[in-house]
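Here are the chains, one letter per residue:
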Amino acid sequence: MATLFSSEVLGGTLPSTMSDQPLGIRAIFEHAVRAHPRKEIVSRDGAAVVRFTYAAFGRRVAQLAHALRALGVRPGDRVASFAWNGHRHLELYYAVPMIGAVLHTVNIRLFPDQVAYILDHAGDRIVFYDASLTKAVKAAHALAPESGRMFVTMGAAVEPFDGALDYETLLAGEPETYDWPEIDERAAALLCYTSATTGDPKGVLFSHRSTYIHALAICLPDAMGIRERDRLLPIVPMFHVNAWGAPFGGLLTGADFILPMERLDPAGVIELCEQEQVTFSAGVPTVWMAVRDVLKAQGKKLPALRKLIIGGSALPPALLDDLEALGIEAVHAWGMTEMSPIGTVNTYLSELDDKPELQKRERYKQGVFSPIVQWRLIDELGNDVPADGVSRGELLVRGFAVAKQYYDNADATELAFEPDGWFHTGDVCTVDEYGYMEIVDRVKDFIKSGGEWISSVEVENTLMGHPSLKEACVFGVPHPKWQERPVAAVVLRETHDADEAAILAWLTDKLAKWQTPDRIIFIEAIPRTGVGKFLKRELRERYKTLFTDAG
Ligand code: AMP
C-alpha cells in the first residue's frame, strides 16, 4: 500500500528534455547583478555608512575570488568568517562558494574554546574577521596557535593581528570579472555549526542545491515574501544559519540590502530603520522586545517598516500584539540550523477569512510548513500522532534543504537522524487541521511534575504578559516529592517593581495550580546562548538544589 512517505523509486521512466544545469549560488548572483544592477547594498562600516550598487558588489565579489585563489584557496577548502552583518561578509558569502570552496560562518558569540574547536573541526585555512572582533579571534587562536591558519582583517584594526593580511589591500588591483566555474549542485557551499544548547557544536554543510531551493522557498509570498521593492535589514546574524537565507533570498528578488554591523542595540536598529527607510526585517524576539520598548517609551513609530519575521525562539503573544499596535506586521517563523533553517512561517490561510477568533489564535503559532519540508509527529514509541491540534508528538522533518547527517560527527548523526533521512528536531509540537504547527516545548525542557508534563514555553508566554516583566525563563528543578517543579527566573523592566507574591497572585487565574511556578526568582539577566536563546541548562544547574536545600 502506498504511504505518504513511500521511498520506492520507480524505474523505466523517460528522461526529460530539460536542462540539468546545476542549481547554486552562482545562479542567484548572476541573476541579481544582471537583473538589478542599480539596487543597493548599504552597510555600516565603522562610523560611516557605505553604499554599493549590486553591479559594484559583483565587481568586488570577482576581485575577492581572485584574491582567494591567489592565497591558494582550492575547491573544497574551508574559509572561515568571523564577522557581523556587513558588506564584506556578504562578499564572502558569494565569492567563497562560487570558486568551489566552503564558507564557514563562525558564531562570534561562542566561547573562545568553542571557536577554537570548530575552527579545528572544520579545518579552516583562512579566517576573515572584522577588525572590531580582533580580540576574540586572538583568544581563540591562542588555544590552537600551531594550526598555520592565515588571518585577514576586514576594516581598520586598532591592534592588528600579527601577520594578518588586509582585506582591501588583497582586493585592490584584482580583475573585476571572474570566469566562474560550474560547480556540482551537491557540493558543499556553506558550513554552520549549531548554537550548542547541549554538547559540542555540530556542523551542517549546506549544498549549492539546498541553498538555492531554500532561497526560492523563503521568497514565496506566503513564506517570508521578500519583494524587489523591499529594503531588507537582516538583524539575524549572518553567523547564524546564513541569516535565515536572507543574503540569498534578498538578492534573488533584487531587494535593497541594509547591513547593521555591530549596532544591534535598539537605538542603532531604529536609527538605521529610519535613515534607510527599512521595510522588512528579521531577527529573534529579544531584539524586537528592546526596539518595542524604546518605540513605546519615545512614542515613536517606524512607518516604512511593513513586516518583521520573528523566530529562533518563541514569539511571545504580547510582543506580537504590541508590534501590531505600532503598525508593524510581526510574522512568527520557526526553523533549525539543520533545515537551512526555515521550516514554518505563519501566514493567514484563506480558510480562516470568516473565522476571526480562530485567526487570532492561529497567528501566535509557529506557522504552516514550507512546501520544501516533509514532516511527521511521533510519540515515544515512534508511532505517528494525528494532526488534530491537540495530540503532541516529537516533530521529525526531511526535505530538499534539510540535512541528512552532521559534518564528520557519526555519534551525533546517529542520535539525531534516522537511516532513511528523517531528522529528530527535539521539538514537541501539535499540528492542527489547518496545518498550523505550535511548539509545546523542547523534549528536554518539559517539566515532569507528579506525572504531568508542564510546558515551560506556555508558562513563559503567560509570564511575559505581566506588565512589569521584561523577560521570563521557566525551567524544571528536582523536587523530592514531585520529581520536578517549575521555577521562573524573571527580569524586571526598568522603573517597574513587583515581588514574588504579587506575580504569583497575578498568575492564579491564568495557569492551573500544578502549572504555576513554585518560585519566582528575580535576576539581572537571563543567561543566553551565542545567538540569544535562553540557556536553560545554566539556570537548571544554578538552582538545582533549590528544593532539596530547602528540605
Ligand atoms: P537553531 O538551530 O540554533 O536555529 O535552533 C533551533 C531551535 O530553536 C528549534 O529546534 C526550536 O527549539 C527553537 N526555535 C526556533 N524558532 C522557534 C520559534 N519560533 N518558537 C520556538 N522555538 C523556536
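A brief look at the structure comes next. (Residues numbered from 1 in each chain as written. Predicted model: local features only at pLDDT ≥ 70, side-chain atom pairs only at ≥ 80, totals over all residues. Heavy atoms only, no water.)

**Some thoughts on the layout of surface pockets**
Thinking step 1. Looking at the second largest pocket, its volume works out to about 700 Å³.
Thinking step 2. If you trace the second largest pocket, you find 25 residues lining it, with Leu-205, Ser-207, Val-402, Ala-403 and Lys-404 closest to the centre.
Thinking step 3. Of all elements in the fold, only β9 (203-207), α7 (208-219) and β18 (393-399) reach the threshold of two or more residues within the lining of the second largest pocket.
Thinking step 4. No other element matches β9, which puts five residues into the lining of the second largest pocket.
Thinking step 5. Its residues assigned to classes, the lining of the second largest pocket comprises 11 nonpolar, seven polar and seven charged. (1 Å grid on protein atoms, 1.4 Å probe; cavity = no way out; pocket = protein on both sides within 12 Å on 5 of 7 lines; lining within 4 Å. Points joined across faces, edges and corners; volume = space filled by probe spheres on them. Helix = DSSP H or I, 4+ residues; strand = E, 2+ residues; numbered from the N terminus. Nonpolar A, V, L, I, M, F, W, Y, C, P; charged D, E, K, R; others polar.)

**Thoughts on the packing of helix α1 (residues 25-35) against helix α3 (residues 87-98)**
Thinking step 1. Direction vectors running N to C along α1 and α3 enclose 125°, while the axes themselves pass 9 Å from each other. By the criterion of interaxial angle, the relationship of α1 to α3 is oblique. As for how α1 packs across α3, the hand of that crossing is left-handed. Two secondary-structure elements touch here, α1 through Ile-25, Arg-26, Ile-28 and Phe-29 and α3 through Tyr-93, Tyr-94, Pro-97 and Met-98.
Thinking step 2. Considering only residue class, the contact of α1 with α3 consists of seven nonpolar, no polar and one charged. (Axes fitted to C-alpha atoms, helices over the stretch in contact; angles between N-to-C directions. Parallel < 35°, antiparallel > 145°, perpendicular 65-115°, else oblique. Left-handed = near helix turned anticlockwise from the far one by under 90°. Contact = heavy atoms within 4.5 Å.)

**As for the packing of α3 against helix α8 (residues 246-253)**
Thinking step 1. The N-to-C vectors of α3 and α8 enclose an angle of 85°; their axes lie 11 Å apart at closest approach. Compared by their axis directions, α3 and α8 come out roughly perpendicular. Here Leu-90, Tyr-93 and Tyr-94 of α3 come into contact with α8, specifically with Pro-247, Phe-248 and Leu-251.
Thinking step 2. Looking at the contact of α3 with α8 residue by residue, the classes come out as six nonpolar, no polar and no charged.

**Let's talk about the pairing of strand β10 (residues 231-234)**
Thinking step 1. Side chains of β10 alternate between two faces, with Arg-231 and Leu-233 and Leu-232 and Pro-234 buried alike.
Thinking step 2. Looking at chain direction, β10 and strand β11 (residues 256-259) are connected through two bridges and run parallel. In the strand pairing of β11, Arg-231 is matched with Asp-256.
Thinking step 3. Crossover connection from β10 via α8 to parallel β11: handedness right-handed. (Buried < 20%, exposed > 50% of the residue type's maximum accessible area, 1.4 Å probe, protein only. Pairing = 2+ DSSP bridges. Right-handed = clockwise from strand over helix to strand, strands pointing away.)

**A few points about the site of the ligand**
Thinking step 1. Looking at the ligand, there are 17 residues lining it, with Ala-333, Thr-337, Asp-427, Arg-442 and Lys-533 nearest.
Thinking step 2. Here Ala-333 contributes a backbone N or O atom positioned 2.7 Å from a nitrogen atom of the ligand.
Thinking step 3. Measuring from a nitrogen atom of the ligand, one finds a side-chain N or O atom of Gln-366 at 2.9 Å.
Thinking step 4. For the ligand, whose unbound accessible area comes to 490 Å², protein coverage reaches 90%.
Thinking step 5. At the level of secondary structure, the elements contributing two or more residues to the shell around the ligand comprise β14 (329-335) and β20 (436-442).
Thinking step 6. With four residues, the top contributor of residues to the shell around the ligand is β14.
Thinking step 7. For the shell around the ligand, the residue count by class is five nonpolar, nine polar and three charged. (Near = heavy atom within 4 Å. Polar contact = N/O pair within 3.5 Å; in protein donor to acceptor, adjacent residues only side chain to side chain. Areas by Shrake-Rupley, 256 points an atom, 1.4 Å probe, with all protein chains shown as cover.)

The quantities given are spatial measurements derived from coordinates; they are silent on function.
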